[in-house]
Amino acid sequence: MADHQAIFKALAEPSRCQIVEHLSREPLTVRQLTDRLPIGQSAVSQHLEVLRKAELVRFEPRGASNVYRIDPRGLGAVRAWLDRYWDEALGNYARLLEDGEDDDGT
Amino acid sequence: MMELEIRPAPLRKTLLVPASRQKAFAVFAGRMHEWSPAVQSLLGGRRDIVIEGRPGGRWYEISADGAEADWGRVLAWEPPHRLLLAWQLDADFQYDPGLVTEVEVRFFEEEPRRTRIEFEHRHLERFGARAAEVAASLDGEGGWSGSFALYAALLGKEQEARHAAG
């Protein structure tokens with residue numbers, strides 16, 4: 001699955017690994033992350049965007065800046081895949097039961 | 001080292017069906033080949049999906065030519081209240097004996113012919129932990145190992161997945 005790969009790709013870059021490590025200890029703003037890393041603020045922002053798309057981090061506004069933290073949903077792609085599978089399967093299942101068969105209790 | 005417990009939320013679904021609990025359970029466990037999406041066949045040309053009605057029973061599909069492919073196994077068989085299955089298919093729909101996630105289905109009688117079903121697919125973090133293990137074993141010392149190891153640590157459940165595999 002392409003999306004599954006995206007998670008690993010997101011973590012294959014050393015700076016993004018470091019960002020995840022920092023955020024695993026405490027939520028941080030872009031500026032705070034930049035202070036802790038040997039890369040510039042725009043690079044940090046770009047890495048955060050990749051991590052956010054892979055659903056590894058998320059952010060919420062606090063004052064004028066965004067605070068980033070680890071996204072506990074994690075594994076977004078795998079979850080989405082299973083969600084699609086079970087939605088379709090359980091939909092079929094419910095329709096089968098609705099299709100006017102006698103409910104003989106067996 | 002990192003001490004992390006970040007776990008993806010389980011998939012949860014609730015549905016109401018116009019059938020008794022007995023019927024709802026029987027159709028879920030006994031006629032999965034009629035409701036599981038056909039595209040997910042492991043073998044191509046699926047004839048049946050079997051959930052053996054006992055704890056420890058197999059959960060597998062049978063192709064048109066009689067070949068069998070495992071999906072997992074039965075962990076708890078409590079008709080008509082509850083079914084607990086081990087889902088052991090990875091994200092490429094391949095059976096992996098080292099991967100154990102859980103599908104729990106509970107049936108509640110709302111009215112005599114109306115059943116509420118509470119569905120949960122959980123321990124999704126094991127997909128990540130297992131992927132990391134497999135990747136690490138294939139990878140050796142490349143640049144990927146570090147990120148996979150980090151990912152496994154992030155998901156915090158490598159030990160548990162390994163234990164479940166044993």
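Residues numbered from 1 in each chain as written. Chains lettered and ligands numbered in written order. Predicted model: local features only at pLDDT ≥ 70, side-chain atom pairs only at ≥ 80, totals over all residues.

## Considering the overall build of chain A
Along the backbone of chain A there are five helices and three strands. For chain A, the sequential pattern of α-helices and β-strands runs α-α-β-α-α-β-β-α. Classification of the 106 residues of chain A by burial places 25% in the buried group. When contacts within chain A are restricted to residue pairs at least 6 apart in sequence, long-range pairs at least 24 apart make up 51% of them. (Helix = DSSP H or I, 4+ residues; strand = E, 2+ residues; numbered from the N terminus. Buried ≥ 20, exposed ≤ 12 C-beta atoms within 10 Å, placed from the backbone. Contact = placed C-beta atoms within 7 Å.)

## Describing the environment of Gln94 of chain B
All names here are of chain B. Checked against the element boundaries, Gln94 lands in the loop between strand 5 (82-87) and strand 6 (101-111). For Gln94, a count of 11 C-beta atoms within 10 Å gives the class exposed. The spacing of Gln94 and Asp70 is 24 residues in sequence and 8.9 Å in space, taken between C-alpha atoms.

## So, the nonpolar core
Of all hydrophobic cores here, the largest spans 22 residues; its most connected members are Leu97 of chain A together with Ala24, Phe25, Phe28, Leu83, Val105 and Ile117 of chain B. Elements supplying a minimum of two residues to this core: helix 5 (76-98) of chain A together with helix 1 (21-30), strand 5, strand 6 and strand 7 (114-122) of chain B. For this core, the element with the most residues is helix 1 of chain B, which contributes five residues. Sequence-distant contacts of Phe25 of chain B, defined by excluding residues within four places in its chain, comprise Pro79, Pro80, Leu83 and Phe107 of chain B. Counting 13 residues, the second largest nonpolar core, distinct from the first, contains Leu23, Leu28, Leu51 and Tyr68 of chain A. (Core = buried A, V, L, I, M, F, W, Y, C linked by C-beta atoms within 7 Å.)

## With respect to the sheet that holds strand 5 of chain B
Residue and element names in this part refer to chain B. The seven strands are arranged 1-7-6-5-4-3-2 in an open sheet whose pairing can be described as antiparallel. Lying at the two open borders of the sheet, with one neighbouring strand each, are strand 1 (11-17) and strand 2 (46-51). Mean inter-strand twist for the sheet, computed between neighbouring axes without regard to direction, equals 20°. Sheet topology places strand 2 next to strand 3 (residues 58-63); five bridges connect them, and they run antiparallel. By the bridge assignment, Asp48 is partnered in strand 3 with Ile62. In the packing of helix 1 onto the sheet, contacts are made with strand 1, strand 2, strand 5, strand 6 and strand 7, and the angle to strand 6 comes to roughly 155°. (Pairing = 2+ DSSP bridges. Axes fitted to C-alpha atoms, helices over the stretch in contact; angles between N-to-C directions.)

## Points about the pairing of strand 4 (residues 68-78) of chain B
All names here are of chain B. By the bridge criterion, five bridges tie strand 3 to strand 4 in an arrangement that is antiparallel. If you follow Glu61 over to strand 4, its bridge partner there is Ala69. In textbook terms, the turn of a hairpin is the stretch between consecutive antiparallel strands, and for strand 3 and strand 4 this stretch comprises four residues, one of which, Gly66, has a positive phi near 95°. Strand direction decides the pairing type here: strand 4 and strand 5, joined by six bridges, are antiparallel. Residue pairing across strands places Val74 opposite Leu85, the latter belonging to strand 5.

## Re the confidence of the model for chain A
Of all residues in chain A, 78% have pLDDT values of 70 or greater, and the mean over the chain is 81. Taken element by element, chain A is modelled with least confidence in helix 1 (residues 2-11) of chain A, mean pLDDT 61, and with most confidence in helix 3 (residues 30-36) of chain A, mean pLDDT 95. (pLDDT = per-residue confidence, 0-100.)

## Regarding the packing of helix 2 (residues 14-25) of chain A against helix 4 (residues 41-53) of chain A
All names here are of chain A. Closest axis-to-axis distance for the helix 2/helix 4 pair is 10 Å, and the angle between their directions is 75°. It follows from the interaxial angle that helix 2 and helix 4 lie roughly perpendicular. Where helix 2 abuts helix 4, its residues Ser15, Arg16, Ile19 and Val20 lie against His47, Leu48, Val50 and Leu51. Tallied by class, residues from the contact of helix 2 with helix 4 come to five nonpolar, two polar and one charged. (Parallel < 35°, antiparallel > 145°, perpendicular 65-115°, else oblique. Nonpolar A, V, L, I, M, F, W, Y, C, P; charged D, E, K, R; others polar.)

## Description of the sheet that holds strand 1 (residues 28-29) of chain A
All names here are of chain A. The strand order across the open sheet built from three strands is 1-3-2, with neighbouring strands paired in antiparallel fashion. Because the sheet does not close on itself, it has two edges, and the strands there are strand 1 and strand 2 (57-62). In terms of strand pairing, strand 1 meets strand 3 (residues 65-70) through two bridges, oriented antiparallel. Bridge assignment links Thr29 to a residue of strand 3, and that residue is Val67. Packed onto the sheet, helix 2 meets strand 1, strand 2 and strand 3 and runs at close to 90° relative to strand 3.

## Overview of helix 1 of chain B
Of all 10 residues in helix 1 of chain B, seven are buried; the element is thus mostly enclosed. Those residues of helix 1 of chain B that fall on the buried side of the exposure criterion are Arg21, Lys23, Ala24, Phe25, Val27, Phe28 and Ala29 of chain B.

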